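Observations on chain architecture
Here are the chains, one letter per residue:
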Amino acid sequence: MNILKDKLRQNREQLTVLLFSAAVSLIFLSFFSKNSFFYPLNNGADINMFYTMGKGIANGLVCYRDIFDQKGPIWYFLYTIAYFLDRNGYWGIFLIEIISFTFFLYFTYKAMKLYGGEKFFYFTAPILAFCTMGNGSFWQGGQAEELIFPLLAYLLYSLLRYFKEDYPEKPMDYKTLLINGICSGLVFWSKFTLIMPWFIFMAGVFIIMISRKHVKRAFISCLVFLGGTLIPTVPVFIYFIANGAVGDLVQVYFIENIFGYSPTVQSDESTLETLWKNVKLGIDRIGPSMVLALFGGVGLLFAKKRYLPDWRTKLIFPIMFLASVLGIYGGGTSYMYYPAALIPYALLGAAVLGDVMNEGWKYIPEKAKPKTIFAVAVAASMIISFAATFDGNRNIHILFEKKEDTVQYRFAETINSVPGSTMINYGFLDHGFYMAADKLPVTKYFARINLKYEALPEMYEAQRDVVKNGEADFVVLKISKDYTLDYIEKIYGSLFDDYIVVDDMIYYNGDSKWESHYILLAHESVDLY
């Protein structure tokens, strides 16, 4: 009977944690992710590239062969699911965001519970939400870096749990290895530059097992991990083999991603100087989470055997973090959202912080612990964290804006006034015009990604051919907000001679600091009246 009562109590506790995590996720993401119902749309470039890719796949276009972008296939399959959940907006990916962040917080709770600090999770969860969304790396909402949070959180938690409960007497169990293998496969086929923590994890576990003379178990463990990696890999290859597009997969996802992008190196900088500059800028953007991660790192390394029992276990976490940094920035490029992939390391700080607070709590006299103190502390944490996030988030400039006030829906009204019309997003990344107008691309290269002409000339030529041949009824252009309409001819020459400007508007270019001049052109054959 006591065992049953304990089980029921644990289940209630787990459910309470999940519900609280979901509530924090819903509250913060509703206000700070552009995918939420409080926003007219998500005008971020990357997210709309993903959305259009998912929409294309859902409508029978083959990834990479018929429609082009450069994230991994698993990522686009996820956006295909999101599209099926909401064919006219972003609620599908918003739901996936909520699930993702909920489980990131849940695994943080599990890590805190390892050291007795679980009662302080409810105080810590809103702080983690601020660490995630209250800075420039939280780019629009729905980035790959953001949605791997629960996978990396599970990886970190599973290591902490193993070192706390089983090491050194027992080798790591196969179930944990299999789950982490599956996670590594999901990450690899979403954005392979983020795979480094799983590589270090398996290498570290293998070395530890060898050092403990579990040689046979070490090799079997590697096979179990690789078996997990194959679980998401096999469907990927089945999809591309069935569609005769394996060559497109290799060319786009690997060759062009590895060799197509030019490093952001200044002429007077060495590669190491550029790497250091990019890392420093990235760490600065996610400062609060890195302070928490550093606190955890110091605690894990220097608290003798309180958290980690020996030097082998103490080395794996800093090596994992450095490998993550190298995977993110080693290619020489840097974008605003890159450092978000490092935020889950704050879990380590939360685990140590929970233990420190729990130890300090023991020294407070019982008379000084009113029953309401936790509720007050949680409420204060929620309010302060929300206010701080509101101050640091980059998305709120279009919060509560009406759809009809956005350039995307304004242009969509004109485009859809012509039954069966077609369009192209010319010369820039997709900013939501396909979504707002509910249109499929007329060409594989439905938008122009950040590759120079020399790296991918066919992308530039394909877009030009669509315009020259009049294959699109409407063309959306983007120029600097300081440029007037006559600048079109100066930039493009006679390319748009067969098109007429029907509307234009200066509007946010995905970020609160940027505005652009958007122009809608209609082919002269289109009858708008």
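For the structure, see preceding data.
Below is a short write-up of the structure.

Parameters at a glance
Residues numbered from 1 in each chain as written. Predicted model: local features only at pLDDT ≥ 70, side-chain atom pairs only at ≥ 80, totals over all residues. Heavy atoms only, no water. Helix = DSSP H or I, 4+ residues; strand = E, 2+ residues; numbered from the N terminus. Rg over C-alpha atoms; globule rule 2.2 N^0.38 Å. Buried < 20%, exposed > 50% of the residue type's maximum accessible area, 1.4 Å probe, protein only. Areas by Shrake-Rupley, 256 points an atom, 1.4 Å probe, with all protein chains shown as cover. Lys, Arg positive; Asp, Glu negative; His and termini not counted. Charge placed at Lys NZ, Arg CZ, Asp CG, Glu CD. Expected span 1.5 Å × (residues − 1). Contact = heavy atoms within 4.5 Å. Salt bridge = Lys/Arg side-chain N within 4 Å of Asp/Glu carboxyl O. Polar contact = N/O pair within 3.5 Å; in protein donor to acceptor, adjacent residues only side chain to side chain. Pairing = 2+ DSSP bridges. Axes fitted to C-alpha atoms, helices over the stretch in contact; angles between N-to-C directions. Parallel < 35°, antiparallel > 145°, perpendicular 65-115°, else oblique. Left-handed = near helix turned anticlockwise from the far one by under 90°. Nonpolar A, V, L, I, M, F, W, Y, C, P; charged D, E, K, R; others polar. Phe/Tyr/Trp six-rings, centres within 6.5 Å; stacked < 30°, edge-to-face > 60°. Lys NZ or Arg CZ within 6 Å of the ring centre and 35° of its normal. Patch = residues over 30% accessible without salt bridge, like charges linked within 9 Å, V, L, I, M, F, W, Y side chains within 5 Å. Arc of directions from axis to C-beta. Core = buried A, V, L, I, M, F, W, Y, C linked by side-chain atoms within 4.5 Å.

Now for the overall build of the chain. In terms of regular secondary structure, the chain is built from 20 helices and 4 strands. Relative to its length of 529 residues, the chain is compact, with a C-alpha radius of gyration of 25 Å against a globular reference of 24 Å. Seen along its three principal axes, the alpha-carbon backbone of the chain occupies a region of about 80 × 55 × 55 Å. Counting over 529 residues, the chain shows a buried share of 53%. By element, 64% of the accessible surface of the chain is carried by carbon and sulfur atoms, the whole surface being about 23,200 Å². Computed over 47 positive and 48 negative side-chain charges, the inter-centroid distance for the chain is 16 Å.

A word on helix 15 (residues 346-362). In an α-helix, one turn spans 3.6 residues; hence positions three or four apart end up facing the same way. Between its terminal C-alpha atoms helix 15 stretches 25 Å, which fits the 24 Å expected from 17 residues at 1.5 Å a residue. For helix 15, the complete set of buried residues consists of A346, L347, L348, G349, A350, A351, V352, G354, D355, N358 and W361. Taken together, the buried residues of helix 15 touch helix 4 (91-114), helix 5 (121-133), helix 7 (149-165), helix 13 (287-302), helix 14 (311-329) and helix 16 (373-392).

So, on to the side chain of E146. Looking at the secondary structure, you find E146 in helix 6 (residues 144-147). One buried charged residue, E146, forms no salt bridge at all, with the nearest opposite charge on K191 at 12 Å. A distance of 2.7 Å separates a polar atom in the side chain of E146 from the backbone nitrogen of G142.

The next point concerns the sheet that holds strand 3 (residues 499-508). Here 4 strands make up an open sheet; going across it, the order is 1-2-4-3 and the pairing mixed. The open sheet is flanked by strand 1 (423-425) and strand 3, the only strands paired with a single partner. Between one strand axis and the next, the sheet turns through 25° on average, direction left out of account. As judged from the 3 bridges shared by strand 1 and strand 2 (residues 474-480), these two strands associate in the parallel manner. Following the sheet pairing, M423 is matched in strand 2 by F474.

What follows concerns unusual backbone geometry. Residue P168 is bonded to the preceding Y167 through a cis peptide linkage, with omega at 0°. Within the secondary structure layout, P168 lies in the loop between helix 7 and helix 8 (174-188). Not every positive phi belongs to a glycine, and Y64 is a case in point at roughly 75°.

Note that S36 resides in the loop between helix 1 (2-32) and helix 2 (45-58). According to the relative accessible area criterion, S36 is buried, its value standing at 2%. When neighbours within four sequence positions are excluded, S36 is seen to be in contact with L29, S30 and F94.

Axes are the key here: two packed helices are described by the angle between their axes and the distance separating the axes. Interaxial distance between helix 9 (residues 196-211) and helix 14 falls to 8 Å at its minimum, and their mutual angle equals 155°. In terms of their interaxial angle, helix 9 and helix 14 are classed as roughly antiparallel. At the point where helix 9 passes helix 14, the crossing takes the right-handed sense. Between helix 9, through M196, P197, I200, F201, G204, I208 and S211, and helix 14, the contact on the second element is made entirely by R312, I316, I319, M320, A323, S324 and G327. Looking at the contact of helix 9 with helix 14 residue by residue, the class counts come to 9 nonpolar, 4 polar and 1 charged.

Using the criterion set out here, one finds 11 salt bridges in the structure. Measuring nitrogen to oxygen at the nearest pair gives 2.9 Å for the salt bridge that ties K55 to D438. Of the two residues, K55 sits in helix 2 while D438 sits in the loop between helix 18 (433-437) and helix 19 (457-468), which places them 383 residues apart along the sequence. For K362, the salt bridge is made with E359, and the minimal N-O distance between the two is 3.0 Å. Within this pair, K362 and its partner E359 are both found in helix 15, separated by 3 residues, close to a single helical turn.

The residue Y115 is located in the loop between helix 4 and helix 5 in this model. Those residues in contact with Y115 that lie beyond four places of it in its chain are L160, K164, R306, Y307, A351 and D355.

Before going further, it helps to spend a moment on the packing of aromatic side chains. A complete count under the given rule lists 75 aromatic pairs for this structure. Here F103 and Y106 contribute two aromatic rings whose centre-to-centre distance is 6.1 Å and whose plane-to-plane angle is 75°, an arrangement assigned as edge-to-face. Taken together, the positions of F103 and Y106, both in helix 4 and 3 residues apart, correspond to about one turn of that helix. These aromatic residues form a ring-pair network of at least three members: F28, F31, F32, F37, F38, W91, F94, F386, F390 and F400. The ring of Y174 has R217 sitting right over it, with the charged end atom 3.9 Å from the ring centre.

With that settled, consider a negative patch on the surface. Taken together, the side chains of D486, E489, D497, D498 and E524 present a region of like negative charge at the surface. Relative to the helices and strands, E489 resides in helix 20 (residues 487-492). Judged by its relative accessible area of 60%, E489 is exposed.

Spanning 20 residues, helix 16 covers 28 Å between terminal C-alpha atoms, matching the ideal 28 Å at 1.5 Å per step. Of the residues making up helix 16, those classed as buried are V378, S381, M382, S385 and T389. In an axial view of helix 16, the angular spread of the buried residues amounts to 100°, which keeps them on one side of the axis. Of the residues in helix 16, the exposed ones pointing more than 90 degrees away from the buried face are V376, I383, I384 and D391.

The next thing to look at is the nonpolar core. Of all hydrophobic cores here, the largest spans 88 residues; its most connected members are L159, L160, F163, W198, F201, F317 and M320. Here this core takes 12 residues from helix 7, the largest share from any one element. Core analysis: the next-biggest nonpolar cluster, separate from the first, contains 81 residues, W75, Y90, V466 and A522 among them.

Another aspect to go through is a nonpolar patch on the surface. A surface patch of nonpolar side chains, about 450 Å² in accessible area, is lined by I81, L85, L95, I99 and F103. Of all the elements in the fold, those that place two or more residues in the nonpolar patch are helix 3 (73-85) and helix 4. Per element, the largest residue contribution to the nonpolar patch is 3 residues, and it comes from helix 4. Classification of L85 by relative accessible area gives exposed; the value is 51%.

These figures capture arrangement, not role.
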